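Fold and contact review
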Amino acid sequence: MTRIRPDKNINFVLVFCFIGARFMVTVLTKGGVYKTNPVRIEEFLVSPRYVGKMLVWESVKEDLIALLSDKTPFNRGLLVEPPGAGKTTLGGLFLMWCLYLLANLRDPQGHFGLDQSTSIGVMNMSISSRTASGTLYSKLRKMLIASPWFQEYCRVDQSVQSEIRLPDPLFAFSGNSSESFPAGYDIFGAVVDEVTMFLNKSHKGAYSDQVKNIFEVLEERTESRFMGEGYVLAMGASSYTNDFVTEMEKEADEYGDILVIRRPLWYALPRTKFSGRYFLFDTDKMKIVPNSESEGLFTPENKQEIMEQIKAGLSIVPKPTVNRPAVSDTLSQKTGKQLMKITAV
């Protein structure tokens, strides 16, 4: 009798497990759970089958993977970035992913134990109905139409221009700043946009309470209907702040279940957007140092050093903090300043 060597035995077991896993996915797909083999967010963001011809920035991919990967514990997020950093695209992809998870189920109501008359979907809310139905909502519609997967399995009714009309039981709505607007909807994924524009109207913080209440209503609806599988994302510009943002950051520090991402513009932009020119920036006085004072301070060696530090600053952690790129002790002692590579964009 031929004896199987241990390494061959292990390979045989691995092959058997692989075939078994593929068989189970096929059974689940054909048997009625999924329409197509589910993919992870990492594949979703790079495959033309899902995002069409869209080129997704690395920073946008990184943020979405940090929030939506099945390896992370988050279902709530706060994104604070300046205009031009890709928040609108990120918000559209976020809602698109939530719709993919729903549309790929043959029976989404049954999967979540909901009544068959229930509509399930995503919602974008902002400071006004005009803002909510504007850029992000319009971009989501274009993304869905440009996606080969959605064209095949969850086609947008293009005869209707005023809204995103999807096959039952799915919906994609835009809402205003009313706290009661989400009532009556089973919301799987929601974006609260321009949260930093809900500035305090009075010393009582009326506007901050409003955006906080909206976020909490959306949280409650995603958690009660979908048992923690739904998502809520708040987004705003870093040039503004309010009590809501501060409270969310404190909650993230305390409980660790909210992903908070803050980026300056130069961390968010693709490297191809940079001019490659350097200048000196005084981080104490927060101003650019005139060329006459900075001549001779840049060398090929410290340019490379600065670039490596900026690249290191691109990584996202569960509770990220923005660290200013630092230079070597020698250079710092020589100039008394910190160097930074950015560009005129």
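Because the structure is predicted, anything quoted here is derived from the model rather than measured.

**Looking at the pattern of salt bridges**
- Across all of its chains, the model carries twelve salt bridges by this definition.
- For the salt bridge of Arg165 with Glu163, the shortest nitrogen-to-oxygen distance reads 3.8 Å.
- If you follow the salt bridges from partner to partner, you end up with Glu62, Asp63, Glu81 and Arg263 in one network.

**A word on the confidence of the model for the protein**
- Chain-level statistics for the protein give a pLDDT mean of 75 and a share of 62% at 70 or above.
- Low pLDDT, under 50, characterises residues 313–345; the predicted model gives this stretch 83 contacts beyond four residues in sequence or across chains.

**Comments concerning empty space enclosed by the protein**
- Counted under the stated rule, the structure contains one cavity of 30 Å³ or more.
- Residue lining of the largest cavity: Asp63, Leu64, Leu67, Leu78, Leu79, Leu90, Leu233, Leu259 and Ile261, and that is the complete set.

**Considering the environment of Leu68**
- Looking at the secondary structure, you find Leu68 in helix H4 (residues 58–68).
- For Leu68, a relative accessible area of 4% gives the class buried.
- In sequence terms Leu68 and Trp97 are 29 residues apart; their C-alpha atoms lie 8.8 Å from each other.
- Those residues in contact with Leu68 that lie beyond four places of it in its chain are Ile41, Phe94, Trp97 and Tyr231.

Reading guide: rules and limits
Residues numbered from 1 in each chain as written. Predicted model: local features only at pLDDT ≥ 70, side-chain atom pairs only at ≥ 80, totals over all residues. Heavy atoms only, no water. Salt bridge = Lys/Arg side-chain N within 4 Å of Asp/Glu carboxyl O. pLDDT = per-residue confidence, 0-100. Contact = heavy atoms within 4.5 Å. 1 Å grid on protein atoms, 1.4 Å probe; cavity = no way out; pocket = protein on both sides within 12 Å on 5 of 7 lines; lining within 4 Å. Points joined across faces, edges and corners; volume = space filled by probe spheres on them. Helix = DSSP H or I, 4+ residues; strand = E, 2+ residues; numbered from the N terminus. Buried < 20%, exposed > 50% of the residue type's maximum accessible area, 1.4 Å probe, protein only.

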